[in-house]
Amino acid sequence: MIYAVFWLAQDLLTVLTSGAMQIPEIFLSCLVYRLLTRDWEVNIFVIWTAFLGGLLWDLRWVGIPGFFALSYVSVVMLVLWVWNALPVSGRTPLVIFFLFWTAQLIPTILSALLLGRNISEARWMLFAAQQGCAVPVALLGAFFYFQHEKGQNA
Amino acid sequence: MVDKRLTAEWIHGIVALIVGFFLLGASPNLGVLRSVVDFVGSVLSVPEYPAVVSREFLQDLYRWAKDKNDLTRQLKVLQDENSKLRITRSVLVAEQIKAELDARMEEARVTLREPHSWWNEFRIDKGFNQGVIIGLPVFQNGFLVGRVSSVSTFSSWVELLTSPALMIPVVIEETRELGVVVGDGSGSVLLTYIPEGRGIEAGMKVSTALISELLPPGIPIGSIADEGAASGSGYVTYKITPGAATSLLYTVTILKHSKGIFR
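Residues numbered from 1 in each chain as written. Chains lettered and ligands numbered in written order. Predicted model: local features only at pLDDT ≥ 70, side-chain atom pairs only at ≥ 80, totals over all residues. Heavy atoms only, no water.

Undergrad: Can you walk me through the pairing of strand E12 (residues 235–242) of chain B in this structure?
TA: For a regular strand, the rule is simple: side chains alternate between the two faces of the sheet. All names here are of chain B. Bridge analysis of strand E8 (residues 189–195) against E12 gives five bridges, and the strand direction is antiparallel. Residue Leu190 lies in a different strand from E12, and its bridge partner there is Lys239. As paired strands, strand E10 (residues 220–224) and E12 are joined by three bridges and run antiparallel to one another. Across the sheet, residue Ile224 finds its bridge partner in E12, namely Ile240. (Pairing = 2+ DSSP bridges. Helix = DSSP H or I, 4+ residues; strand = E, 2+ residues; numbered from the N terminus.)

Here it is as structure tokens:
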């Protein structure tokens, strides 16, 4: 349910800005947060939630089913791979931030490069603006992660 | 256990990726795609409705603010333009009035000033044929010195400010107090009918009040010379220092009448 709320929030923000700027990937950040804080059964659920969320996004905004579904699943798999490869001592704030930032960077840069839209200077300005908004979202995700970890250790 | 978990995750991930690639490859050939996209759009239009309304409201707000900004800028430009036009118009009117006044100004020479009526009247060399009529104001150095009292064909008589027969309603410019200027027949000019306690001080300027078309308001006469003397009936009489040199009258200027200018 919480994933649907975040997906809808991202959708409503996109409607609100009317495509004037790209909204940060709130839904995917929520999934990454779940990946980093839950056990493996949830991970499989997260993989398929990412797929469905991406598919719904494709049907709502892109019109090419599979594009964002692939992007989201790729991000989830990448995060899972890095997370499992990292020793516990390597899970530093910077790494956590980069994992959240990956969720912002990959779908946006893929859509900018592959969807064949106007990759003009203005488009790259929009991309930069989106990343400008994405960094606080990534920081927020990292903050919530450490809050959660602190609660677990307390 | 961990390996089993990782394997399960990778299997699910790879399956999801395969399905994604399949959809991506097959989507151009899927006939129902358009219907599905429309269906998703129509279903989502319900929860998206508040966002659509908010977006329209924000767009309206932005347009309103932009329009207001544009209108304010245009208003400023128009105000500036209007100010310049007003100044231009004022300058043109002032020039027109000056030209008209110049045309109406007629210089006259004093031809007779009899000793027995020295402070009452004098004669000038302009008369009816030069457009002089009874009542016209006569100036010296830009100050009122008297009014035309009688006219003949080639000459006229001017009643002096110092004459007790000439009474001119005036205004004290600093206080807008009204009074009457009258001569005493022996070289002095007095300001009368000023109520006591009005704060009149020496040096205040006196000019004509609105009397008639022949003697327009605002013509300077002189300034108050002393503290004034109470008459006992609640009024004070002040001595006036005339701007015109009433004892040195060789030439004067007549302001001829022209209908329209002081309407």
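Undergrad: What should I look at first to understand the pattern of salt bridges in this one?
TA: Side-chain pairs of opposite charge can arise whenever the charged atoms involved come near each other. Residue and element names in this part refer to chain B. Applying the stated criterion to the full structure yields nine salt bridges over all chains. Between Arg63 and Asp60 there is a salt bridge, with the nearest N and O atoms lying 2.8 Å from each other. Within this pair, Arg63 and its partner Asp60 are both found in helix H2 (residues 33–104), separated by three residues, close to a single helical turn. We classify Arg63 as partly exposed; its relative accessible area is 45%. A relative accessible area of 43% means that Asp60 is categorised as partly exposed. Of the charged contacts in the structure, one is a salt bridge between Glu177 and Arg198, with a shortest N-O distance of 2.8 Å. In this pair, Glu177 sits in strand E7 (residues 177–183) while Arg198 sits in the loop between E8 and strand E9 (205–208), placing the two residues 21 residues apart along the sequence. (Salt bridge = Lys/Arg side-chain N within 4 Å of Asp/Glu carboxyl O. Buried < 20%, exposed > 50% of the residue type's maximum accessible area, 1.4 Å probe, protein only.)

Undergrad: In this structure, what is going on with the nonpolar core? I would like to understand it.
TA: What tends to happen in soluble globular proteins is that the nonpolar side chains get buried as a cluster. With 41 residues, the main nonpolar core has A:Leu36, A:Val76 and A:Phe100 as its most contacted residues. Those elements that place two or more of their residues in this core are helix H1 (2–17), helix H2 (26–37), helix H3 (40–62), helix H4 (67–85), helix H5 (93–114) and helix H6 (121–153) of chain A together with helix H1 (2–26) and H2 of chain B. By residue number, the principal contributor to this core is H4(A), which donates eleven residues. Core analysis: the second largest hydrophobic core is formed by 22 residues, B:Leu191, B:Ile200, B:Ile219 and B:Val236 among them. (Core = buried A, V, L, I, M, F, W, Y, C linked by side-chain atoms within 4.5 Å.)

Undergrad: Whenever I open this one, the sheet that holds strand E3 (residues 137–140) of chain B confuses me. Can you help?
TA: To summarise the sheet geometry, strands pair through backbone hydrogen bonds and adopt either a parallel or an antiparallel arrangement. Residue and element names in this part refer to chain B. The sheet built from six strands closes into a barrel, its strands ordered E1-E2-E5-E4-E3-E13 with antiparallel pairing. Strand-to-strand twist in this sheet, taken as the mean axis angle between neighbours without regard to direction, amounts to 45°. Where E3 and strand E13 (residues 251–255) come together, two bridges link them in antiparallel fashion. Residue pairing in the sheet places Phe139 in a bridge with Thr253 of E13. Running over the sheet, H2 touches strand E1 (105–112) and E13 and is turned about 30° from E1. (Axes fitted to C-alpha atoms, helices over the stretch in contact; angles between N-to-C directions. Contact = heavy atoms within 4.5 Å.)

Undergrad: Explanation requested: the confidence of the model for chain B in the structure shown.
TA: Atomic detail in the predicted coordinates should be set aside for any region of low pLDDT. All names here are of chain B. In this model, chain B carries a mean pLDDT of 88, and residues with pLDDT of at least 70 account for 96%. When pLDDT is averaged over each element of chain B, strand E5 (residues 156–160) comes out on top at 95 and strand E11 (residues 229–230) at the bottom at 78. Our summary of model confidence lists the complex with pTM equal to 0.56 and ipTM equal to 0.81. (pLDDT = per-residue confidence, 0-100.)

Undergrad: How should the interface of chain A and chain B be read in this particular structure?
TA: Much of the literature gives interface size as the accessible area that the parts lose upon coming together. Each side of the interface is counted separately: chain A has 29 residues, and chain B has 31 residues. Together, the buried faces of chain A and chain B total about 2700 Å²; carbon and sulfur atoms form 79% of this surface. Put simply, B:Glu48 and A:Arg60 hold a salt bridge, and the shortest N to O gap is 2.8 Å. Summed over the shared surface of chain A and chain B, the number is five residue pairs in polar contact (both at pLDDT 80 or more). (Buried area = accessible area lost by both parts, 1.4 Å probe. Polar contact = N/O pair within 3.5 Å; in protein donor to acceptor, adjacent residues only side chain to side chain.)

Undergrad: What is the right way to look at the packing of H2(A) against H5(A) in this model?
TA: Helix-helix packing: each pair is described by the crossing angle between the helix axes and the interaxial distance. Residues and elements named next belong to chain A. Two elements in contact, H2 and H5, have axes whose closest approach is 9 Å; the angle formed by their N-to-C orientations is 145°. Of the two possible hands of crossing, H2 and H5 adopt the one that is right-handed. The residues of H5 that touch H2, namely those facing Leu28, Ser29, Val32, Tyr33 and Leu36, are Ile96, Leu99, Phe100, Ala103, Gln104 and Pro107. A class-by-class count of the residues in the contact of H2 with H5 yields nine nonpolar, two polar and no charged. (Left-handed = near helix turned anticlockwise from the far one by under 90°. Nonpolar A, V, L, I, M, F, W, Y, C, P; charged D, E, K, R; others polar.)

Undergrad: Honestly, the packing of aromatic side chains in this entry has me stumped. Any pointers?
TA: Each aromatic ring pair is summarised here by two numbers: the centre-to-centre distance and the angle between the ring planes. Residues and elements named next belong to chain A. Tallying each qualifying case throughout the model produces 13 aromatic pairs over all chains. Judged by centre distance (5.5 Å) and plane angle (80°), the rings of Trp7 and Trp57 are edge-to-face. Within this pair, whereas Trp7 is found in helix H1, its partner Trp57 is found in helix H3, the two being separated by 50 residues in sequence. Overall, the relative accessible area of 5% leaves Trp7 in the buried class. With a centroid separation of 5.5 Å and an interplanar angle of 70°, the aromatic rings of Phe67 and Phe68 are classed as edge-to-face. Look at Phe68 and you get buried, because its relative accessible area is 6%. (Phe/Tyr/Trp six-rings, centres within 6.5 Å; stacked < 30°, edge-to-face > 60°.)

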